[in-house]
Number of protein chains: 2
Amino acid sequence: MRRDVFQAIADPTRRAIIALIALQAMTPNAMAEHFDSSRQAVSKHLRILTECQLVQQEQSGREIYYHLNPKKLKEVADFIEPYRKMWDKKFNQLDHVLSTLKNKKS
Amino acid sequence: MRRDVFQAIADPTRRAIIALIALQAMTPNAMAEHFDSSRQAVSKHLRILTECQLVQQEQSGREIYYHLNPKKLKEVADFIEPYRKMWDKKFNQLDHVLSTLKNKKS
DNA sequence: TATATTTGCAACCAGTTGGTTTCATTTAAT
DNA sequence: ATTAAATGAAACCAACTGGTTGCAAATATA
């Protein structure tokens, strides 16, 4: 079974979960209250997010707090990066500014 | 049927197609030669990529050249952006440099 | 005109997905 | 000790996925 970050963020509920726990680690029950889906559905999403290491568990008594592991999103960023200069004018300007700075230094 | 960019880039073959036509617009036949999958399979992927506007068609006789529409990837970039500062030291440094530049200007 | 090439589309198929309901386990509270 | 709460896992289901084969339409070539 394929379990990669791209497949994980393909689902809108999982993206919402990511956005939610980015602000604060949270238990499955707390998350479920933010969505229409049941706690068990959230639990299944969390399993997928855990399997591809996008989130990490922290046990606290009978509760489990889920933390976001933002580093994993770098894989997606790395995929997109080569195409950024094809749409982002700002990026090109930045790129110019930085290379200019670099040249001044050396 | 959900047809968004996130779902489109979830498939590794489609990401490969994106990488391929980023360099040069290409016909389905030409693409299929780069992969194990059949021309029809590539065609189905192209349909999905077209439906979410990640690629654009350019008819030329009986051939159809598919171009990448990189702007659409901005949706993914926008999703990731808020989390970048959570992993990317460079980003923070850049951010600092830029705000410094801005302050000097004003 | 007859033939070959390029392409998209429909039908089919096994495997996956996202959801539900039910159940067992662990831990806290009474 | 009993009850309540929090969680994960299994079984089930309809819908979707990614692949295949076969076919039809449009265009180029002989």
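Conventions adopted
Residues numbered from 1 in each chain as written. Chains lettered and ligands numbered in written order. Predicted model: local features only at pLDDT ≥ 70, side-chain atom pairs only at ≥ 80, totals over all residues. Heavy atoms only, no water. Phe/Tyr/Trp six-rings, centres within 6.5 Å; stacked < 30°, edge-to-face > 60°. Helix = DSSP H or I, 4+ residues; strand = E, 2+ residues; numbered from the N terminus. Buried < 20%, exposed > 50% of the residue type's maximum accessible area, 1.4 Å probe, protein only. Lys NZ or Arg CZ within 6 Å of the ring centre and 35° of its normal. Contact = heavy atoms within 4.5 Å. Buried area = accessible area lost by both parts, 1.4 Å probe. Salt bridge = Lys/Arg side-chain N within 4 Å of Asp/Glu carboxyl O. Polar contact = N/O pair within 3.5 Å; in protein donor to acceptor, adjacent residues only side chain to side chain. Arc of directions from axis to C-beta. Near = heavy atom within 4 Å.

Engineer: Lay out the packing of aromatic side chains with the relevant residues and their values.
Structural biologist: In this structure the tally under the stated criterion is 4 aromatic pairs over all chains. Taken together, a centroid distance of 5.6 Å and an interplanar angle of 70° make the contact between F79 of chain A and Y83 of chain A edge-to-face. With F79 of chain A and Y83 of chain A both in helix α5 (residues 74-84) and 4 residues apart, the pair spans about one turn of that helix. By relative accessible area, which is 7% here, Y83 of chain A ends up buried. One aromatic cluster in this structure is built from F6, F79 and Y83 of chain A. Lying over the aromatic face of F6 of chain B, R15 of chain A brings its terminal NZ or CZ to 3.9 Å of the ring centre.

Engineer: Describe the interface of chain A and chain B, listing the residues and the values that go with them.
Structural biologist: Between chain A and chain B, the residue contacts involve 28 residues of the former and 28 residues of the latter. Summing the contributions of chain A and of chain B, the shared interface buries around 2500 Å²; its carbon and sulfur component is 79%. Between chain A and chain B we count 2 salt bridges in total. For the salt bridge of E81 of chain A with R84 of chain B, the shortest nitrogen-to-oxygen distance reads 3.7 Å. One can count 0 residue pairs in polar contact (both at pLDDT 80 or more) joining chain A with chain B. Taken together, the elements giving at least two residues each to the side of chain A that touches chain B come down to α1 (5-8), α2 (12-23), α5 and α6 (89-105) of chain A.

Engineer: Tell me about α5 of chain A, and name the residues and values.
Structural biologist: Of the residues making up α5 of chain A, those classed as buried are V76, A77, F79, I80, Y83 and R84 of chain A. Along the axis of α5 of chain A, the buried positions cluster into a sector of 160°, meaning they face one direction only.

Engineer: Summarise the protein's contact with DNA strand C; cite the residues concerned and give the values.
Structural biologist: Contacts to DNA strand C come from 24 residues, most closely from S38, K44 and H45 of chain A together with R39 and Y66 of chain B. Of everything in DNA strand C that lies within 4 Å of the protein, sugar and phosphate atoms constitute 59%. At 2.7 Å, a side-chain N or O of S38 of chain A approaches a phosphate oxygen of DNA strand C. One of the side-chain nitrogen or oxygen atoms of Y66 of chain B is found 2.2 Å away from a phosphate oxygen of DNA strand C. For the surface near DNA strand C, the secondary structure elements donating two or more residues are α2 and α4 (39-51) of chain A together with α3 (28-32), α4 (39-51) and β2 (63-68) of chain B.

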